[in-house]
Amino acid sequence: MKKECVLVSGGAGYIGSHTAVELINAGYDVVIADNFSNSDMGAVEGVRRITGVDVPVVEVDCCDKSAFRRVFEQYEFDSVIHFAASKAVGESVADPLKYYGNNLTSFINVVSLMHEFGRHNIVFSSSATVYGEADTLPVTEQTPRKPATSPYGNTKQICEDILRDSVAAYDGLRGIALRYFNPIGAHPSALIGELPRGVPQNLVPYITQTAAGIRECLSIFGDDYPTPDGSCIRDYIDIVDLARAHVVAITRMVGGKCRKNYEIFNIGTGKGVSVFELVKTFERVNNLKLNYKVAPRRAGDVVAIWADTSLANKELGWHAERTLDQTLASAWAWEKHIRGIE
Ligand code: UFG
């Protein structure tokens, strides 16, 4: 029987590469499309080594519609997972046109090419950022979205709306938006993981680079928040668990199991963890001491957010499985692997 094929745009990136592995492990054919603006072939090589499959890769910018159209002409996928996007919150404030240009153009192109070619299923990478500072915790998919506090966050909200309106208008198109909480960790093989360019903006890569001696000291942004230990609270989701959520979303659409043509699911653990807790867990699990200091609050940070994941648990049959200990061990194993540390 011919296998279902999935186009993974941004498939050489952090979440994309882990998702490609899980799709292949679940029996899907995968085509990766990536412009390599914030990724490299090393991730694709990792995917190939882990799976033993020579996954095809097309170097293409999804914003270039005629080049992107050739991918649709060449490959017979019925499903797309769209990761290709710029993702740095601070950079989006400094250069909003880059973010509106890249993230909206590429998404409009993918949806319109799917419509043009009669392709049916799309999973969109959304984010917990759409909830902003929520009035009640944990957040469910019904929790109202708050006005975005960055152009990056705004692109996530706008793309969700584009998807909702497009599936309502174009027959046969189905969409699932996955609202990710904070993805962390690496594949247990340590062959793929997060590889930020320059100074990491996110907590866990900053921690692992500090442990590796690349950064001198981790700054904990604020210890005077109204939380039990004064630091911010997030829902840290293991990257492999997150990748598996994409597989079940695709399988739901391919199997005609969707209740509506547009669905939204929170993808997190359902547990809030503070920055101090995360740092202490990293130290304990990896048996090391981290150099850190308390620094002023970072502009734009929400105090606390974590997910109610009951909808994904019930409808997708998906649960976060890996523990924070396992995830933080995998993050350090990956950092050691890429730095050649024993
Ligand atoms: N933090 C530090 N020190 C650092 C980096 C982060 O203390 O060096 C803290 C932050 O203040 C925050 C927590 O660690 O309290 C998590 O910060 P991250 O930058 O790792 O994650 P965010 O929750 O800020 O970002 C996530 C996603 C973004 C998304 C954003 C929206 O990574 O893609 O949520 O809120 F846009």
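Heads up: the structure comes first, above all this text.
Residues numbered from 1 in each chain as written. Predicted model: local features only at pLDDT ≥ 70, side-chain atom pairs only at ≥ 80, totals over all residues. Heavy atoms only, no water.

The subject of this paragraph is the overall build of the chain. Secondary structure assignment for the chain yields eleven helices and 13 strands. Whereas a compact globule of 342 residues would reach a radius of gyration of roughly 20 Å, the chain reaches 19 Å, a difference of no more than 12%. C-alpha extents for the chain along the principal axes are approximately 55 × 45 × 40 Å. A burial count over the chain gives 54% of its 342 residues as buried. Within the chain, residue pairs in contact and separated by at least 24 positions form 79% of the contacts whose partners lie at least 6 positions apart. Counting only carbon and sulfur atoms, one obtains 50% of the accessible surface of the chain, whose full area is about 14800 Å². Each charge sign in the chain was given a centre, from 35 positive and 41 negative side chains, and these centres are 1 Å apart. (Helix = DSSP H or I, 4+ residues; strand = E, 2+ residues; numbered from the N terminus. Rg over C-alpha atoms; globule rule 2.2 N^0.38 Å. Buried < 20%, exposed > 50% of the residue type's maximum accessible area, 1.4 Å probe, protein only. Contact = heavy atoms within 4.5 Å. Areas by Shrake-Rupley, 256 points an atom, 1.4 Å probe, with all protein chains shown as cover. Lys, Arg positive; Asp, Glu negative; His and termini not counted. Charge placed at Lys NZ, Arg CZ, Asp CG, Glu CD.)

Further remarks concern the site of the ligand. Around the ligand, 18 residues are found, and the nearest of them are Tyr152, Leu203, Ser219, Arg234 and Asp301. Within the contact set of the ligand, an oxygen atom lies 2.8 Å away from a backbone nitrogen or oxygen of Leu203. Between the ligand and Ser219 there is a distance of 2.7 Å, counted from a nitrogen atom to a backbone nitrogen or oxygen. Taken by itself the ligand offers 680 Å² of open surface, and the protein chains cover 87% of this. At the level of secondary structure, the elements contributing two or more residues to the shell around the ligand comprise helix 7 (203-211) and strand 8 (218-221). The element best represented in the shell around the ligand is strand 8, accounting for four residues. (Near = heavy atom within 4 Å. Polar contact = N/O pair within 3.5 Å; in protein donor to acceptor, adjacent residues only side chain to side chain.)

Attention shifts here to the pattern of salt bridges. Within the structure shown, the criterion is met by 24 salt bridges. Salt-bridge contacts for Glu315 lead to Arg259; the nearest nitrogen and oxygen are separated by 2.8 Å. Remark: Arg259 occurs in the loop between helix 8 (239-254) and strand 11 (262-267) and Glu315 occurs in helix 10 (residues 310-316); sequence separation between them is 56 residues. Across the pair Glu283 and Lys289 runs a salt bridge whose closest N-O atoms are separated by 3.7 Å. Relative accessible area serves as the criterion here: at 9%, Glu283 is assigned to the buried category. (Salt bridge = Lys/Arg side-chain N within 4 Å of Asp/Glu carboxyl O.)

Its location among the elements puts Phe72 in helix 3 (residues 65-74). Owing to a relative accessible area of 1%, Phe72 belongs among the buried residues under this scheme. Setting aside residues up to four positions removed in sequence, Phe72 forms contacts with Leu7, Phe77, Val110, Leu113, Met114, Phe117 and Arg119.

Strand pairing within a sheet occurs via backbone hydrogen bonds; the two strands may be parallel or antiparallel. The strand order 3-2-1-4-5-6-11 describes an open sheet built from seven strands, whose pairing is parallel. Edge strands, defined here as strands with exactly one partner in the open sheet, are strand 3 (57-59) and strand 11. Pairwise comparison of adjacent strand axes, ignoring direction, gives a mean angle of 20° for this sheet. Note that strand 1 (residues 5-9) and strand 2 (residues 29-34) share five bridges and pair parallel. What sits directly across from Cys5, in strand 2, is Asp29. In the packing of helix 1 (residues 14-25) onto the sheet, contacts are made with strand 1, strand 2, strand 4 (79-82) and strand 6 (174-180), and the angle to strand 2 comes to roughly 165°. In this fold helix 6 (residues 151-169) packs onto strand 5 (121-127), strand 6 and strand 11, with an angle of close to 155° to the strand it touches most, strand 5. (Pairing = 2+ DSSP bridges. Axes fitted to C-alpha atoms, helices over the stretch in contact; angles between N-to-C directions.)

This part takes up helix 1. Taking 1.5 Å of rise per residue, twelve residues should cover 16 Å, and helix 1 covers 17 Å from first to last C-alpha, within 8% of that figure. With eleven of twelve residues buried, helix 1 is to be regarded as a mostly interior element. (Expected span 1.5 Å × (residues − 1).)

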